[in-house]
Amino acid sequence: MGAALTFISAATFPGTDLKMIAANNFGHYWTSGGFLIAAIISLIGLILLSSILKQRGESIYQKIGFMIVFIGTIMWIIHLSFRLTAMVWASNEIENMGLPIPFYEMSNEFAGFLYIIYMFFTYVGLSLYGLSFLKIKLLPKWLSLLTIAFGLISAVSFVSGIAFFGMPITIQLIIWLIGIYLIRNLN
C-alpha cells in the first residue's frame, strides 16, 4: 500500500521551486501529504515484516536493517513536514511579495540533507533486509539477491548523482515487488 500510494502521489508533483508550488498548491499538498502517509504505511509494513523475520529466527540483519530504515524514514517524515509547512509558507510569501525569504534557503538545504539521509539509509537498510531474506529463505533466492543488489546499486547510484535513484518512488519499486510476492505466497 505504501508503494502504491507513493506512485499515485508522485503523479501531481509540481517540483520544489517555490513559484511552481505557489502555482500548484493542490499538487504539492497531494504529493507531499501522500508521501507522508505512504512513509508511515511502509514503516508499519516493515514492522510487520520484521516480526515475521523474528518468528522465523532472523534477528541481526533484520534489526540493523530496520533501525537504518527507521532512522531514514524519520528523516523523510521531517523533510515532508517541512515541505507541507515552511515550503508552502515560503511559496505564498514569494508569490505575494516577490522577495526571497530570509533563512529559507538555509532551512531548505537542511531539509535536503534529511532527504539524502532518508534515501541512502533506506537503500542500505533494504540490502540488509535482503540478507535476512536470504538467510531464512522467506523469499526465493532470486528475489533475496535482487533486494540486496537493488539496495547496494541504488545507494551507490544515488551517491553518484544518477537522477533515477534520487526519486523516492525508486525505493518503493523493490518494496512493492516484495510486498506482492509476500501477499501472494506467505502462509
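For the structure, see preceding data.
My aim in this report is to walk through the structure given alongside it, one point at a time. Worth saying up front: this structure is predicted, and the values here are computed from it rather than measured.

**Here's the deal with the overall build of the protein**
Okay, so step 1: Within the protein one finds 7 helices and 0 strands.
Okay, so step 2: The globule rule puts the C-alpha radius of gyration for 187 residues at 16 Å, and the 18 Å found for the protein is close to it.
Okay, so step 3: In terms of principal-axis extent, the alpha carbons of the protein reach across some 60 × 30 × 25 Å.
Okay, so step 4: Counting across all 187 residues of the protein, residues that qualify as buried make up 45%.
Okay, so step 5: Residue pairs at least 24 apart in sequence account for 75% of intrachain contacts in the protein once pairs closer than 6 positions are excluded.

**Side note on the nonpolar core**
Okay, so step 1: One finds Leu49, Tyr123, Tyr129 and Phe133 to be the most contacted residues of the largest nonpolar core, which totals 32 residues.
Okay, so step 2: Ignoring sequence-local partners within four residues, the contact set of Tyr129 consists of Leu46, Leu49, Ser50, Leu53, Gln62, Gly65, Phe66 and Val69.
Okay, so step 3: With 9 residues, the next largest nonpolar core counts Phe82, Ala90, Ile94 and Ile101 among its residues.

**As for the environment of Lys19**
Okay, so step 1: Positionally, Lys19 belongs in helix α2 (residues 18-23).
Okay, so step 2: What makes Lys19 exposed here is its relative accessible area of 57%.
Okay, so step 3: Taking the C-alpha atoms as reference, Lys19 lies 11 Å from Leu99; in sequence the two are 80 residues apart.

**As for the layout of surface pockets**
Okay, so step 1: Taken as a whole, the largest pocket encloses approximately 540 Å³ of empty space.
Okay, so step 2: Around the largest pocket, the lining is made up of 22 residues, and of these Met1, Gly45, Ile175, Gly179 and Ile183 lie nearest the centre.
Okay, so step 3: Broken down by secondary-structure element, the contributors of at least two residues to the lining of the largest pocket are α1 (2-10), α3 (25-55), α5 (104-136) and α7 (168-185).
Okay, so step 4: One number sums up the size of the second largest pocket: a volume of about 230 Å³.
Okay, so step 5: Phe13, Arg83, Tyr115, Gly166 and Pro168 are, among the 14 residues lining the second largest pocket, the residues nearest its centre.
Okay, so step 6: Top contributing element to the lining of the second largest pocket by residue count: α5, with 3 residues.
Okay, so step 7: Per-class residue counts for the lining of the second largest pocket are 8 nonpolar, 5 polar and 1 charged.

**A closer look at the packing of α3 against helix α4 (residues 60-97)**
Okay, so step 1: Direction vectors running N to C along α3 and α4 enclose 165°, while the axes themselves pass 10 Å from each other. Considered as vectors, α3 and α4 are oriented roughly antiparallel to each other. α3 and α4 meet at a crossing whose hand is left-handed.
Okay, so step 2: Split by residue class, the contact of α3 with α4 holds 18 nonpolar, 9 polar and 2 charged.

Parameters and conventions
- Residues numbered from 1 in each chain as written.
- Predicted model: local features only at pLDDT ≥ 70, side-chain atom pairs only at ≥ 80, totals over all residues.
- Heavy atoms only, no water.
- Helix = DSSP H or I, 4+ residues; strand = E, 2+ residues; numbered from the N terminus.
- Rg over C-alpha atoms; globule rule 2.2 N^0.38 Å.
- Buried < 20%, exposed > 50% of the residue type's maximum accessible area, 1.4 Å probe, protein only.
- Contact = heavy atoms within 4.5 Å.
- Core = buried A, V, L, I, M, F, W, Y, C linked by side-chain atoms within 4.5 Å.
- 1 Å grid on protein atoms, 1.4 Å probe; cavity = no way out; pocket = protein on both sides within 12 Å on 5 of 7 lines; lining within 4 Å.
- Points joined across faces, edges and corners; volume = space filled by probe spheres on them.
- Nonpolar A, V, L, I, M, F, W, Y, C, P; charged D, E, K, R; others polar.
- Axes fitted to C-alpha atoms, helices over the stretch in contact; angles between N-to-C directions.
- Parallel < 35°, antiparallel > 145°, perpendicular 65-115°, else oblique.
- Left-handed = near helix turned anticlockwise from the far one by under 90°.

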